[in-house]
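Survey of secondary and tertiary structure
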Amino acid sequence: MTPPPGMDRQPRRRSLTAKQAGLTLAIALLLSILAGLVELALDARAMRQEIVSSTRYRLNLVHGTAAAAAFQLNPDLAGQVIEGLFNGGRVASATIMDDFDRTMATRQRESARDSSWVAHALFDDILHYRQTLHYQAGPGSTPQPVGELELTLALDHLARDFTHRSLQIFSLSVAKALAIAGLLALAFHWFVTRPLLRVHAAIADTDPRQPGSWPKPAMGRHGSDELGHLVESVDQLLQAFQRGLDQRDQLHQISTLDGLTGIANRRHFDTFIASEWQRAKRNRHALSVIFIDIDHFKEFNDHYGHVAGDDALRAVAQALTRVVHRASDLVARYGGEEFVCVLPDTDLEGALQVAGRIHATIRALDIAHAYSTRAGRVTASLGVASSTPAHDGTSVDELMAQADRQLYRAKRQGRDRVAAQT
């Protein structure tokens with residue numbers, strides 16, 4: 001069929017228009033692809049930083065709980081920390097070890113299929129994290145290493161996230177071929193995304209131990225809109241959290257620390273010895289106790305005054321903490337001039353060695369005491385007892401009674417000495 005006159009030119013006009021539109025679209029697509037490649041490279045870098053930042057942030061969030069678990073040798077609490085780290089899907093394996101390199105809790109995800117070389121090139125060097133756990137026994141004390149937390153990220157999960165983000169970037173790049181979409185995206189990024197990123201960065205940089213000191217961002221022109229209200233709400237929340245932490249620390253100090261010496265008090269000792277007795281019984285380990293009593297302390301107070309007596313008690317407490325410094329051990333003021341040390345996983349021979357060092361360290365303080373038995377300085381009598389609950393069939397009260405009897409045997413034998421059960 002022959003087309004009507006004039007109709008033969010219409011396909012050429014439509015074809016030229018289509019070619020022009022196609023060329024324009026091709027240029028736009030080419031620019032979009034180039035822009036997408038640049039954005040992909042930048043996003044890969046940003047994603048690496050985000051992964052490292054968020055992983056370290058999560059490790060910092062759980063650091064206190066993990067350190068407490070390692071300090072208390074509490075596998076249940078360590079297991080809860082491990083389970084919490086696995087929430088989110090990015091973790092392939094996580095392990096908490098105590099300061100004896102013993103595994104307290106661990107979990108490993110089933111191996112997934114091998115990831116591409118691109119994923120290995122991008123993420124291999126940021127998969128593994130190892131953090132030393134430090135625990136601060138009380139205000140003013142130096143944090144002590146109590147174990148380690150190891151974490152490995154799942155490469156296949158990161159690769160999947162990267163693939164999803166890459167597809168989104170290229171899709172967005174195509175959309176940016178349209179001028180209006182690009183302008184809208186730029187405006188939205190300038191007026192909304194950047195302020196949100198500042199808020200996110202400020203929250204990510206917040207120290208979990210001091211949330212009230214977070215670097216609150218200045219919102220400028222957003223001060224009275226939703227973003228400004230969001231920052232104020234976050235600030236109020238973090239300040240309230242800080243007040244709760246301060247109250248918790250104050251209550252903890254009042255309830256567990258001796259006000260004069262700064263070491264654990266009798267209440268904390270009672271809780272600790274009961275817990276360690278059960279753990280020793282469960283694990284079939286030894287548990288040792290050392291009672292320390294300052295010789296002729298009443299005469300010291302009467303002669304030198306109570307202020308000097310308080311100074312002497314503080315000096316002895318500090319000497320004890322220098323000798324008994326394992327994270328698993330405890331030094332406490334038992335009452336008056338009497339102190340007590342609890343040594344988990346320590347037999348009688350080991351406890352006697354510790355007691356000998358305590359005895360020598362107190363003498364080395366060289367605090368003058370004109371009314372001491374014979375030394376002319378402050379000395380102490382020590383009673384040592386040890387038990388393996390699973391084997392001895394004794395109770396914690398019997399262990400305490402044995403240590404108390406040895407203390408009084410040391411006093412009867414002339415004081416300034418160590419006595420132990422035979």
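This one's a predicted model, so the numbers in the text were calculated from it and none came from an experiment.

Focus: the nonpolar core
Formed by 40 residues in total, the largest nonpolar core has its most connected members in I51, I96, F123, Y129, L133 and L149. Put simply, the parts of the chain that give this core at least two residues each are α1 (10-72), α2 (75-86), β1 (91-98), β2 (103-108), α3 (117-123), β3 (128-135), β4 (144-153) and α4 (155-175). Here this core gets 12 residues from one element, more than from any other, and that element is α1. Once you skip the residues sitting within four places of it in the chain, I51 turns out to touch R90, F123, I126, Y129, L153 and L158. With 28 residues, the next largest nonpolar core counts F297, A317, L343 and V354 among its residues.

Brief notes about the packing of aromatic side chains
What the rule picks out here adds up to six aromatic pairs. Seen from their ring centres, F123 and F162 are 6.1 Å apart, and the 75° between their planes marks the pair as edge-to-face. Residue F123 is located in helix α3, and its partner F162 is located in helix α4; the two are separated by 39 residues in the primary sequence. Relative accessible area serves as the criterion here: at 1%, F123 is assigned to the buried category.

Section: the pattern of salt bridges
According to the stated counting rule, one finds 17 salt bridges in the structure shown. For E150, the salt bridge identified is with R130, shortest N-O distance 1.9 Å. Remark: R130 occurs in strand β3 and E150 occurs in strand β4; sequence separation between them is 20 residues. Overall, the relative accessible area of 54% leaves R130 in the exposed class.

Details of the pairing of strand β6 (residues 330-335)
Two elements, β6 and strand β7 (residues 338-344), share five bridges in a ladder whose sense is antiparallel. Note that in β7 the partner of V331 across the bridge is C341. Linking β6 to β7, which pair antiparallel, is a turn of two residues; within it G336 sits at a positive phi near 60°.

With respect to the sheet that holds strand β8 (residues 380-387)
Reading across the sheet, the five strands line up as β6-β7-β5-β8-β9 and stay open at both edges, with mixed pairing between neighbours. Of all strands in the sheet, those bounded by a partner on one side alone are β6 and β9 (418-420). Taking each pair of neighbouring strands and ignoring which way they run, the sheet shows an average axis angle of 20°. With three bridges connecting them, β8 and β9 associate as parallel partners. Bridge pairing in β9 places G383 opposite A419. Lying over the sheet, helix α9 (residues 306-323) contacts β5 (287-294), β6 and β7, oriented at roughly 10° with respect to β7. In the packing of helix α10 (residues 348-364) onto the sheet, contacts are made with β5, β7, β8 and β9, and the angle to β8 comes to roughly 165°.

Observations concerning the confidence of the model for the chain
Counting all residues, the mean pLDDT for the chain is 82, and 85% of those residues have values of 70 or more. Segment residues 6-21: pLDDT under 50, and zero contacts once partners within four positions in sequence are set aside and those in other chains are kept.

Details of the environment of S372
Among the structural elements, S372 can be located in the loop between α10 and β8. Note: C-alpha distance between S372 and E299 (73 residues apart in sequence) is 8.3 Å. Discounting residues that sit within four places of it in the chain, S372 has contacts with H296 and R377.

Description of helix α12 (residues 396-412)
Taking 1.5 Å of rise per residue, the 17 residues of α12 would be expected to cover 24 Å, and the 25 Å separating its terminal C-alpha atoms lies within 8% of that figure. For α12, the complete set of buried residues consists of L399, M400, Q402, A403, Q406, L407, A410 and K411. Against the buried residues of α12 lie α7 (266-283), β5, β6, β7, β8 and β9. Positive backbone phi, approximately 120°, marks G414, located one or two places after α12.

Observations regarding the pairing of β3
By the alternation rule, side chains of β3 split into Y129, Q131, L133 and Y135, which are all buried, and H128, R130, T132 and H134, of which none is buried. Both β3 and β4 contribute to a ladder of eight bridges, which runs antiparallel. Looking at β4, one finds that H134 is bridged to P145.

Here's the deal with the packing of helix α8 (residues 297-304) against α9
Look at α8 against α9: their axes get within 7 Å of each other, and the N-to-C directions meet at 135°. Put simply, α8 runs oblique to α9. On α9, the residues that touch F297, F300, N301 and Y304 of α8 are H306, A308, G309, A312 and L313. Looking at the contact of α8 with α9 residue by residue, the classes come out as six nonpolar, three polar and no charged.

About the criteria used
- Residues numbered from 1 in each chain as written.
- Predicted model: local features only at pLDDT ≥ 70, side-chain atom pairs only at ≥ 80, totals over all residues.
- Heavy atoms only, no water.
- Core = buried A, V, L, I, M, F, W, Y, C linked by side-chain atoms within 4.5 Å.
- Buried < 20%, exposed > 50% of the residue type's maximum accessible area, 1.4 Å probe, protein only.
- Helix = DSSP H or I, 4+ residues; strand = E, 2+ residues; numbered from the N terminus.
- Contact = heavy atoms within 4.5 Å.
- Phe/Tyr/Trp six-rings, centres within 6.5 Å; stacked < 30°, edge-to-face > 60°.
- Salt bridge = Lys/Arg side-chain N within 4 Å of Asp/Glu carboxyl O.
- Pairing = 2+ DSSP bridges.
- Axes fitted to C-alpha atoms, helices over the stretch in contact; angles between N-to-C directions.
- pLDDT = per-residue confidence, 0-100.
- Expected span 1.5 Å × (residues − 1).
- Parallel < 35°, antiparallel > 145°, perpendicular 65-115°, else oblique.
- Nonpolar A, V, L, I, M, F, W, Y, C, P; charged D, E, K, R; others polar.

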